[in-house]
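Structural features, examined
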Amino acid sequence: GVHIGGWLYWHLNHWHIYKDIEDTLNHDIVRKFTNPDLRDNEWMIQENLTQAEIGKNGLLIFGSRRLGKTEFESSYVGRSATIYEGSENLVTGGNWPDIDLITSKLDKGLSAVHPYFKFERIGDNPRKEMSLGLKHKNFRRVEWSKILIRNFDDGKNTEAAAGTTAKSFLIDEIGKFPFLESFNAAKPS
């Protein structure tokens, strides 16, 4: 009788993240790339995401370290790019180091999904866009979706998202730069 939303189901069953695991042999903490655990954090994100989707609103997530924000962002965009044909999925932020962290996790997560969900990269420019799709034997490429990567340059490049039609849209680390003008410029997308 408990509803598990689409993103949470995807995140727990199909996405992979690095988790800290205790090595039982030497009792050291090691990083393991595996499915995430169901924590209160993910449950609360899904509950709020469901309400945002019903109301056709955005969802603002901020908080302390280890909340899982970047893991959520990469999983959310990865899911959207995987299941929605023709989608443009927008990853933005105020600087390249923050954006590069998300795109790195996104790249790693997309590479680890089950072959049933996996698309080939038919275009890959980590600071511009990733195109997912199919490559045929005759070298013809058929695009499925795009992940567009844009830098608001600490609020100086407010039109970075102009001209996009976003199925999923995120602005990373909004507390680090004046994001409101950039967000308002992106609303029509």
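How each quantity is defined
- Residues numbered from 1 in each chain as written.
- Predicted model: local features only at pLDDT ≥ 70, side-chain atom pairs only at ≥ 80, totals over all residues.
- Heavy atoms only, no water.
- Helix = DSSP H or I, 4+ residues; strand = E, 2+ residues; numbered from the N terminus.
- Rg over C-alpha atoms; globule rule 2.2 N^0.38 Å.
- Buried < 20%, exposed > 50% of the residue type's maximum accessible area, 1.4 Å probe, protein only.
- Contact = heavy atoms within 4.5 Å.
- Areas by Shrake-Rupley, 256 points an atom, 1.4 Å probe, with all protein chains shown as cover.
- Lys, Arg positive; Asp, Glu negative; His and termini not counted.
- Charge placed at Lys NZ, Arg CZ, Asp CG, Glu CD.
- Patch = residues over 30% accessible without salt bridge, like charges linked within 9 Å, V, L, I, M, F, W, Y side chains within 5 Å.
- Salt bridge = Lys/Arg side-chain N within 4 Å of Asp/Glu carboxyl O.
- Axes fitted to C-alpha atoms, helices over the stretch in contact; angles between N-to-C directions.
- Parallel < 35°, antiparallel > 145°, perpendicular 65-115°, else oblique.
- Nonpolar A, V, L, I, M, F, W, Y, C, P; charged D, E, K, R; others polar.
- 1 Å grid on protein atoms, 1.4 Å probe; cavity = no way out; pocket = protein on both sides within 12 Å on 5 of 7 lines; lining within 4 Å.
- Points joined across faces, edges and corners; volume = space filled by probe spheres on them.
- Expected span 1.5 Å × (residues − 1).
- Polar contact = N/O pair within 3.5 Å; in protein donor to acceptor, adjacent residues only side chain to side chain.
- Pairing = 2+ DSSP bridges.

Points about the overall build of the protein chain
For the protein chain, the count of helices and strands is five helices and seven strands. Tracing the protein chain from N to C terminus, the helices and strands come up as α-β-β-α-α-β-α-β-β-β-β-α. Relative to a compact globule of 189 residues, whose C-alpha radius of gyration would be 16 Å, the protein chain shows 17 Å and is just as compact. Along the first, second and third principal axes, the C-alpha set of the protein chain runs to 50 × 45 × 40 Å. Of all 189 residues assigned to the protein chain, the portion counted as buried reaches 40%. Across the protein chain, every contact between residues at least 6 apart in sequence was considered, and the portion connecting residues at least 24 apart equals 55%. Summed over all atoms, the accessible surface of the protein chain reaches about 11,200 Å², with 52% contributed by carbon and sulfur. Side chains of the protein chain give 25 positive and 26 negative charges; the mean places of these two sets differ by 5 Å.

Thoughts on a nonpolar patch on the surface
On the surface, a cluster of nonpolar side chains totalling about 310 Å² of accessible area is made up of Val2, Ile4 and Tyr9. Note on placement: tyrosine 9 falls in helix α1 (residues 6–13).

A short note on the packing of α1 against helix α2 (residues 40–54)
Axis separation between α1 and α2 bottoms out at 9 Å; the angle between their running directions is 150°. Relative to α2, the element α1 is oriented roughly antiparallel. Across from Gly6, Trp7, Leu8 and His11 in α1, the residues of α2 making contact are Glu42, Trp43, Ile45, Gln46 and Leu49. Among the residues forming the contact of α1 with α2, the class breakdown is five nonpolar, three polar and one charged.

Structural notes on empty space enclosed by the protein
Taken as a whole and judged by the stated rule, the model has one cavity of 30 Å³ or more. Approximately 40 Å³ is the volume found for the largest cavity. Residue lining of the largest cavity: Thr82, Leu110, Val113, Phe117, Lys118, Phe119, Arg121 and Leu132, and that is the complete set. Among the residues forming the lining of the largest cavity, the class breakdown is five nonpolar, one polar and two charged.

Section: the pattern of salt bridges
A side chain of one charge can pair with a side chain of the opposite charge if their charged atoms are brought near each other. Across all of its chains, the model carries nine salt bridges by this definition. Among the salt bridges present, the one from arginine 127 reaches aspartate 100, with a minimum N-O distance of 2.6 Å. Residue arginine 127 is found in the loop between β4 (120–125) and β5 (129–135), and its partner aspartate 100 is found in helix α4 (residues 96–112); the two are separated by 27 residues along the sequence. The salt bridge involving glutamate 129 is made with lysine 146; its shortest N-O contact spans 3.8 Å.

Quick notes on unusual backbone geometry
Notably, lysine 56 is not glycine yet its phi reads approximately 55°, a positive angle. Tracing the backbone shows lysine 56 in the loop between α2 and α3 (69–83).

Describing α4
For α4, built from 17 residues, the straight-helix expectation of 24 Å at 1.5 Å per residue is met to within 8% by its first-to-last C-alpha distance of 24 Å. Regarding α4, its N-cap is asparagine 95, as a side-chain oxygen of that residue lies 2.9 Å from the backbone nitrogen of aspartate 98 further along.

A short note on the sheet that holds β4
Reading across from one edge, β4-β5-β6-β3-β7 is the order of the five strands in this open sheet, with mixed pairing throughout. Only two strands of the sheet have a single partner each, and these edge strands are β4 and β7 (166–172). Each strand of the sheet is rotated relative to its neighbour by a mean of 15°, with strand direction disregarded. In this sheet, β7 lies alongside strand β3 (residues 88–93) in parallel orientation, the contact comprising six bridges. Paired with threonine 92 across the bridge in β7 is isoleucine 171. The sheet contacts of α4 involve β3, β4, β5, β6 (141–151) and β7, and relative to β6 the element is tilted by about 155°.

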